[in-house]
Amino acid sequence: MRRLSHTTAFPELLFPLRFSFFQTTDSTKQPFSKFVPLKYYYALCDDAFGTDPLLRPRIDQTNTIYGSRNYRGTRTHFSNGSIDPWHALGILSADGLPKSNSATFIQGTAHCADLYGPAPSDSQALIEARATQARILAEWLASDEP
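Residues numbered from 1 in each chain as written. Predicted model: local features only at pLDDT ≥ 70, side-chain atom pairs only at ≥ 80, totals over all residues. Heavy atoms only, no water.

Caption draft 1: Highlighting the overall build of the protein chain. Looking only at helices and strands, the protein chain has three helices and four strands in total. Along its sequence from the N terminus, the protein chain presents helices and strands in the succession β-β-α-α-β-β-α. Of all 146 residues assigned to the protein chain, the portion counted as buried reaches 30%. Residue pairs at least 24 apart in sequence account for 53% of intrachain contacts in the protein chain once pairs closer than 6 positions are excluded. Counting only carbon and sulfur atoms, one obtains 60% of the accessible surface of the protein chain, whose full area is about 10,200 Å². (Helix = DSSP H or I, 4+ residues; strand = E, 2+ residues; numbered from the N terminus. Buried < 20%, exposed > 50% of the residue type's maximum accessible area, 1.4 Å probe, protein only. Contact = heavy atoms within 4.5 Å. Areas by Shrake-Rupley, 256 points an atom, 1.4 Å probe, with all protein chains shown as cover.)

Caption draft 2: Examining the side chain of Thr-25 more closely. Looking at where Thr-25 falls in the secondary structure, it is placed in the loop between strand 2 (19-20) and helix 1 (38-49). Those residues within four positions of Thr-25 in sequence are excluded, and the remaining contacts are Gln-30, Phe-32, Ser-33, Lys-34, Phe-35, Val-36 and Pro-37.

Okay, structure coming up:
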């Protein structure tokens with residue numbers, strides 16, 4: 001089994017084993033000012049943790065290892081809810097992913113709803129998603145394939 005190094009992250013590495021998505025104003029397709037660009041977050045990290053000349057190379061290394069937006073990991077399940085604002089950054093379908101990966105898009109659920117315990121108010125879509133995820137995990141645990 002391939003082990004991850006202490007420098008792997010996706011898509012931005014702040015420091016070992018830390019992952020982050022930044023909400024920036026770099027895009028021209030947004031209605032806000034330009035006052036919170038990605039370089040602001042780099043400077044914030046530098047101020048808090050010291051300048052890390054390896055930051056950009058580590059991000060590039062991670063994107064190379066994991067395929068950036070062309071994910072090539074194995075045994076990964078991507079779960080997103082339709083009313084989770086972060087789903088826009090997520091992988092919503094297993095189309096084009098390596099065979100051992102899967103994705104569940106759950107209509108009517110918010111961020112991490114599938115990770116909470118069952119409740120009487122759960123939608124049928126959420127109940128089915130949890131059952132699918134449990135089945136996938138059981139298959140992975142019972143298999144010797146990577």
